[in-house]
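Results of the structural survey
Each chain, letter by letter, is given below.
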Amino acid sequence: MSNSQRPDTQHAVLINEFGAPEVMQYQDSVAIPGLAQDQVLVKVAYAGINPVDYKTRQGKGWGAEAIQKDKFDNHESAILGFDVSGVVVDSNSEHFSIGDQVAALTFNGGGYAEYVAVDATLLAKVPERVTLEQAGALPCIGQTAIQFVEFADIKDGEHVVINAPAGGVGHLLIQLLMDKVANNNIKVTVICSPEKYAKLDELIEVSKLAGWIDYTKEDAFPELQADVLLDLVGGDAGIRALSVVKPEGHVYVLPTIWVDKLKEAGSQKNLNVAGYKSQRNGEDMARVLQLVADGALTLRIQQVYPMSEVVAAHHELQKGDAFGKIVLKAS
């Protein structure tokens, strides 16, 4: 797309304050971002939404702190959205050309728009066997899942419990863990509702799980003496799950805001608690795209909303019962 063909403005979802989903406004006549050195302008096809998006919108965490400092304190609007897929329409990078189909995890926001400028180091080209819809759903959950399982450094033969194995990150992480069941003789127990457990059958051979804990029952969780807990929930649910871990066992939690609370709750057992925040990079973006292309990972998309219906999409995500990913489609 030449500069003469590119519009001067775009539709985008703006926020001017933190709060409920209704603070997001889908507007036209929004300026298209310019390009810095080694950046690429992407015409957005799809933008995935993640729990970090709505927590940022609520004013929580590092994303909100950055928006307050860089945007609101300067009386500027902000655009949410860290997951993007689309087509390159302008490039200041020798690695990407106009027409390339790409995906990225940005952490700089800007994804809830028709155009976004992305650092070339964060981008990866989308393989032919992966759709742009899949690619737009994948960046945050995909990079987080592959990095999180490596961060946990699970040893051969260990018993691993995963809390929330059917959400965005969880439904990819459980597949990576089942690969370790086959190749590294680990045992995996899941904590989830009966509805989510039934849906896991679409992703894995549930008969190869070591067990299932139904958190909807009021019974205390069993003392499994597990080596590792992968907690994708935190809060009171994360604290409740600590009973499955052996003394001096390891607990890895997403998001990192729950680390101190879980450390305090697990102090009598001397649990080793650590949080993890995904590290965005084009190499890991390419790795996870290739896993999907090769059929080694199955990606579930629960629903696709038009970007103009972003408020409804956030309300749906905040219910906390999604199986897979919710995605916005740019116009």
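Residues numbered from 1 in each chain as written. Predicted model: local features only at pLDDT ≥ 70, side-chain atom pairs only at ≥ 80, totals over all residues. Heavy atoms only, no water.

Some remarks on the overall build of the protein chain
Put simply, the rule reads: In DSSP terms, a helix is any run of H or I states spanning at least four residues, a strand is any run of E spanning at least two, and both are numbered starting from the N terminus. Computation of the radius of gyration draws on C-alpha atoms alone. For the globule rule, the value is 2.2 Å times the number of residues to the power 0.38. Any two residues whose heavy atoms approach within 4.5 Å at even a single point are treated as in contact. Computed with a 1.4 Å probe, the accessible areas rest on the Shrake-Rupley method; for each residue, only the protein chains presented here act as cover.
Each helix and strand counted, the protein chain has 10 helices and 15 strands in total. For the protein chain, the C-alpha radius of gyration of 20 Å lies close to 20 Å, the compact-globule estimate for 331 residues. Principal-axis analysis of the C-alpha atoms gives the protein chain an extent of 65 × 40 × 35 Å. A sequence separation of at least 24 residues applies to 67% of the contacts in the protein chain between residues at least 6 apart. As displayed, the protein chain offers around 14,700 Å² of accessible surface, 45% of which is attributable to carbon and sulfur atoms.

Comments concerning the side chain of Gln147
Turning to its location among the elements, Gln147 is positioned in helix 4 (residues 139-152). Sequence-distant contacts of Gln147, defined by excluding residues within four places in its chain, comprise Tyr276, Ser278, Gln279, Asn281 and Asp284.

Comments concerning the pattern of salt bridges
Here is the rule we go by: In the sections that follow, a salt bridge refers to a side-chain nitrogen of Lys or Arg positioned within 4 Å of a carboxyl oxygen of Asp or Glu. Per-residue accessibility, obtained with a 1.4 Å probe over protein chains only, is compared with the maximum for each type, and a residue is labelled buried under 20%, exposed over 50%, and partly exposed between these values.
By the definition in use, this model includes 12 salt bridges. We note a salt bridge from Lys155 to Asp153, for which the minimum N-O separation is 2.8 Å. Looking at Lys155, the relative accessible area reads 43%, which means it is partly exposed. Asp236 serves as the salt-bridge partner of Lys261, at 3.6 Å between the closest nitrogen and oxygen. Residue Lys261 is found in helix 8 (residues 259-265), and its partner Asp236 is found in helix 7 (residues 235-241); the two are separated by 25 residues along the sequence. Of the residues examined, Lys261 reaches a relative accessible area of 36% and is grouped as partly exposed.

Some remarks on helix 4
Note the threshold: A helix is expected to span 1.5 Å multiplied by its residue count minus one.
When the terminal C-alpha atoms of helix 4 are compared, their 20 Å separation across 14 residues agrees well with the 20 Å that a helix rising 1.5 Å per residue should span. Along helix 4, the residues that are buried comprise Pro139, Cys140, Ile141, Gly142, Gln143, Thr144, Ala145, Ile146, Gln147, Phe148, Val149 and Ala152. Asp153, located one to two residues past helix 4, shows a positive phi value of around 50°.

Some remarks on the environment of Phe72
By the secondary structure assignment, Phe72 is in the loop between helix 2 (61-70) and strand 4 (83-91). Taking the relative accessible area as the measure of exposure, Phe72 reaches 12% and is therefore buried. Phe72 sits 54 residues away from Phe18 along the chain, and the two C-alpha atoms are 9.8 Å apart. Not counting chain neighbours up to four residues away, the residues in contact with Phe72 comprise Ile15, Asn16, Glu17, Phe18, Ile67 and Ala78.

Digging into the sheet that holds strand 8 (residues 159-163)
Condition: Here, strands pair whenever DSSP counts at least two bridges between them. Inter-axis angles, ranging from 0 to 180 degrees, are taken between N-to-C directions of lines fitted to C-alpha atoms, where helices are fitted over the stretch in contact.
Within the open sheet, the six strands sit side by side as 10-9-8-11-12-13. Their pairing is parallel. Across the chains shown, the open sheet's two edge strands, defined by having one partner strand only, are strand 10 (211-214) and strand 13 (272-275). If you compare each strand with its neighbour and ignore which way they point, the axes differ by 20° on average. When strand 8 meets strand 9 (residues 187-192), the two strands line up parallel, connected through five bridges. Following the sheet pairing, Val161 is matched in strand 9 by Thr189. Running at roughly 155° to strand 12 (residues 245-253), helix 4 makes contact with strand 11 (226-231), strand 12 and strand 13 of the sheet.

Side note on the pairing of strand 9
How we decide: Crossovers are marked right-handed if the path from the first strand over the helix to the second runs clockwise, as seen with the strands pointing away from the viewer.
Across the six residues that make up strand 9, a large majority, five, are buried. As a crossover connection, the stretch from strand 8 through helix 5 (residues 168-184) into strand 9 is right-handed. Across four bridges, the pairing between strand 9 and strand 10 is parallel. Each residue of the ladder has a partner; that of Cys192, found in strand 10, is Asp214. For the crossover that starts at strand 9, traverses helix 6 (residues 194-200) and ends in the parallel strand 10, the hand is right-handed.

Here's the deal with the packing of aromatic side chains
This is how the line gets drawn: Working definition: rings of Phe, Tyr and Trp (its six-membered ring) pair if their centres are within 6.5 Å, and the pair is stacked with planes under 30 degrees apart, edge-to-face with planes over 60 apart, and tilted otherwise. Two conditions define a charge located above a ring, namely a distance within 6 Å from the ring centre to NZ of Lys or CZ of Arg, and an angle within 35 degrees of the ring normal.
In total, this model carries eight aromatic pairs according to the counting rule given. Measuring from ring centre to ring centre gives 4.7 Å for Phe151 and Tyr276, while their planes differ by 40°; the resulting arrangement is tilted. Here Tyr276 lies in the loop between strand 13 and helix 9 (282-293) and Phe151 lies in helix 4, a separation of 125 residues in the sequence. On the basis of relative accessibility, which here comes to 33%, the residue Phe151 falls in the partly exposed class. In this structure Tyr276 comes out as buried when scored by relative accessible area, which is 12%. Among the aromatic side chains, those forming a connected cluster through ring pairs are Phe148, Phe151, Tyr252 and Tyr276. The ring of Trp62 has Lys277 lying over it, and the distance from NZ or CZ to the ring centre is 4.0 Å.

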